[in-house]
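# What the coordinates show
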Amino acid sequence: MVRVIMHGCNGHMGQVITQLVEKDPEIEIVAGIDLNDCRDNGYPVFTDIWTCDVEADAVIDFCTAKATDTLLEYCEKRQIPVVLCTTGLTDEQIKKVEETSKHVAVLKSANMSLGINLLMKLVKEAAQTLAAAGFDMEIVEKHHRLKVDAPSGTALALADSLNEGLDNAYHYTFDRSQRREQRDDKEIGISAVRGGTIVGEHDVIFAGDDEVITFQHTAYSKTLFAKGAIQAAKFLKGKGPGWYQMSDVIG
């Protein structure tokens, strides 16, 4: 049995994970952390993370970026592995994640979806063939109107996958509105759309002469991210310090 602390337990994703865990005999939530102690989840909820002294094998985090630093300090001090799902972290916070991973297991991926992680592998392989054949590469991502960071972490991770397959010889273009010039040969364009209740859609476009190849992933609900986080928590139990990815979980 994997014992989990749910960080952000009363948020939308925290509640989705709570419901999924109730039906999974291999894992249980033993405590929750949330400033909003508004409901009975069937486990104790702490509004101050430092008062939570419940023994656990992992923390699953779906909270806000402003709570990430304290969470990392807590997990390092208590030596509890953490599945870090919060997006929109600053460069300084990413450095803190890297430093924390030297002392405790941290799983941080741009996207918790199995499909997205497979897509990263596929587009990396495709880029090695198509870029050499003169195909231009563009990424278009779409999310709901409430998402504050743009482009999405997943779009950047897909761009990094393309670039890794090409010896990191390409640069990223995020906005063409102030440019009056044609795209260059070493450019990966990234565009963001925000509107409605779109859960998440990512298109990786290879545009060549007289043909276009598009890889697309569409998320229809956030449940797939919750399922990935649960699998990640199971994977982290007993793991030593290190920065782990969803590719480690599915690999």
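See the structure printed just above.
Residues numbered from 1 in each chain as written. Predicted model: local features only at pLDDT ≥ 70, side-chain atom pairs only at ≥ 80, totals over all residues. Heavy atoms only, no water.

Let us look at helix α1 (residues 12-22). At 3.6 residues per turn, the α-helix brings residues three or four places apart onto the same side. When α1 is considered as a whole, its buried residues turn out to be Met13, Gly14, Gln15, Val16, Ile17, Thr18 and Val21. In this fold, the buried residues of α1 make contact with β1 (2-7), β2 (27-33), β4 (58-61) and α6 (223-236). (Buried < 20%, exposed > 50% of the residue type's maximum accessible area, 1.4 Å probe, protein only. Helix = DSSP H or I, 4+ residues; strand = E, 2+ residues; numbered from the N terminus. Contact = heavy atoms within 4.5 Å.)

What follows is about unusual backbone geometry. Residue Pro151 is reached from Ala150 by a cis peptide bond, and omega for that bond is -5°. Tracing the backbone through its elements, the reader meets Pro151 in the loop between β7 (136-143) and α5 (153-164). At Gln79, a position not held by glycine, the phi torsion is positive, near 60°. Take Gln79: it is sitting in the loop between α2 (68-78) and β5 (82-84). Looking at Gln79, the relative accessible area reads 47%, which means it is partly exposed.

Turning next to the nonpolar core. Ranked by internal contacts, the top residues of the largest apolar core, which has 32 residues, are Ile17, Ile60, Phe62, Val83 and Leu107. Here this core takes 8 residues from α6, the largest share from any one element. Setting aside its immediate chain neighbours within four residues, Ile60 contacts Val4, Ile5, Met6, His7, Ile17, Val83, Ala229, Ile230 and Ala233. (Core = buried A, V, L, I, M, F, W, Y, C linked by side-chain atoms within 4.5 Å.)

For the rest of this paragraph, the subject is the environment of Ile230. Summarising the element assignment, Ile230 is placed in helix α6. On a C-alpha basis, the gap between Ile230 and Met112 in space is 9.6 Å, while along the polypeptide they are 118 residues apart. If we skip the residues at most four places from it in the chain, Ile230 touches Ile17, Leu20, Val21, Asp24, Ile27 and Ile60.

Before going further, it helps to examine the side chain of Arg183. With respect to the helices and strands, Arg183 occurs in the loop between β8 (171-173) and β9 (187-194). Side-chain polar atoms of Arg183 contact the side chain of Asp136, separated by 3.1 Å. Only 3.1 Å separates the side chain of Arg183 from the backbone oxygen of Met137, close enough to count as a polar contact. (Polar contact = N/O pair within 3.5 Å; in protein donor to acceptor, adjacent residues only side chain to side chain.)

This brings us to the sheet that holds β8. With respect to topology, 5 strands assemble into an open sheet ordered β8-β9-β7-β10-β11, the strand pairing being mixed. The open sheet has two edge strands, β8 and β11 (211-219), and neither has a second partner. In this sheet, adjacent strand axes meet at a mean angle of 20° when their direction is disregarded. Across 3 bridges, the pairing between β8 and β9 is parallel. Within β9, the residue paired with Thr173 across the bridge is Gly189. (Pairing = 2+ DSSP bridges. Axes fitted to C-alpha atoms, helices over the stretch in contact; angles between N-to-C directions.)

The 7 strands are arranged β3-β2-β1-β4-β5-β6-β12 in an open sheet whose pairing can be described as parallel. Across the chains shown, the open sheet's two edge strands, defined by having one partner strand only, are β3 (45-46) and β12 (242-244). Pairing of β2 with β3 involves 2 bridges; the strand directions are parallel. Across the sheet, Ile33 pairs through a bridge with Phe46, a residue of β3. α1 contacts β1, β2 and β4 of the sheet and is inclined by roughly 150° relative to β2. Where α2 meets the sheet, it contacts β1, β4 and β5, and its direction lies at approximately 160° from that of β5.

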